[in-house]
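Inside the fold
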Amino acid sequence: MAPDLMETEDCCPLCMEDLDITERNFWPCKCGYQICLFCYRHIKEDLNGLCPACRTPYDDANVKLVTPDPQE
Ligand SMILES: [Zn+2]
Ligand SMILES: [Zn+2]
C-alpha cells in the first residue's frame, strides 16, 4: 500500500500511469497540462490532437522539454 493517494501530480491524468523523469519534464502544451508521452502520441495520432485541458492543438513546436535540475 503506497501512501501517495493525496499526491497524484506525478501520474498521467489520462491513463493514471506514473510519469517517468522525462515525462515530468515534458510540457506538451503552454497551458501546463501534463500527460505522458504515450498519451501525447495517442492523442496526436489517434484522437483529435487537442490538449484535453484547453483544446489547443498539440504541436511539436509548442512542446517544451525542461532539463531536469541536477540538484534534485
Ligand atoms: Zn498517459
Ligand atoms: Zn493545453
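Refer to the structure above for everything that follows.
What this report covers is the structure whose coordinates are included nearby. Just so you know, these numbers come straight off a predicted model, no measurement behind them. (Residues numbered from 1 in each chain as written. Chains lettered and ligands numbered in written order. Predicted model: local features only at pLDDT ≥ 70, side-chain atom pairs only at ≥ 80, totals over all residues. Heavy atoms only, no water.)

Moving on to the coordination of the zinc ion (ligand 2). Ligation of the zinc ion (ligand 2) by protein atoms is provided by Cys 29 (SG), Cys 31 (SG), Cys 51 (SG) and Cys 54 (SG), these donors lying 2.2 to 2.3 Å from the ion. The coordination sphere of the zinc ion (ligand 2) comprises four donor atoms, whose angles at the metal cover 102 to 113 degrees; the geometry is tetrahedral. Look at where the donors of the zinc ion (ligand 2) fall in the sequence and you get C-x1-C-x19-C-x2-C. Placement of Cys 31 in the loop between β1 (26-27) and α2 (37-46) and of Cys 51 in the loop between α2 and β2 (64-65) is noted, with a sequence separation of 20 residues between them. A relative accessible area of 0% places Cys 51 in the buried class. (Donors = N, O, S within 2.8 Å, 3.2 Å for Na, K, Ca; no water. Tetrahedral: all angles 85-135°; square planar, octahedral: opposite > 155°, others 65-115°. Helix = DSSP H or I, 4+ residues; strand = E, 2+ residues; numbered from the N terminus. Buried < 20%, exposed > 50% of the residue type's maximum accessible area, 1.4 Å probe, protein only.)

All of the protein donors around the zinc ion (ligand 1) are Cys 12 (SG), Cys 15 (SG), Cys 36 (SG) and Cys 39 (SG); their distances to the metal are 2.3 Å. If you look at the zinc ion (ligand 1), its four donor atoms make angles of 104 to 117 degrees with each other, and the shape they trace is tetrahedral. Relative accessible area serves as the criterion here: at 0%, Cys 12 is assigned to the buried category.

In this section: the environment of Lys 64. Along the chain, Lys 64 falls in strand β2. Under the relative-accessibility criterion, Lys 64 is labelled exposed at 52%. Along the primary structure Lys 64 and Gly 32 are separated by 32 residues, whereas in three dimensions their C-alpha atoms are 9.8 Å apart. Those residues in contact with Lys 64, other than ones at most four positions away along the chain, are Asn 25, Phe 26 and Trp 27. (Contact = heavy atoms within 4.5 Å.)

Geometrically, a pair of aromatic rings is defined through the distance of the ring centres and the angle of the planes. Throughout the structure, instances matching the rule amount to two aromatic pairs. An angle of 75 degrees between the planes, with centres 5.2 Å apart, marks the rings of Phe 26 and Tyr 40 as edge-to-face. Highlighted residues: Phe 26 in strand β1 and Tyr 40 in helix α2, separated in sequence by 14 residues. Look at Phe 26 and you get buried, because its relative accessible area is 4%. Judged by its relative accessible area of 6%, Tyr 40 falls in the buried class. Among the aromatic residues, ring-to-ring pairing joins Phe 26, Tyr 40 and Tyr 58 into one connected group. (Phe/Tyr/Trp six-rings, centres within 6.5 Å; stacked < 30°, edge-to-face > 60°.)

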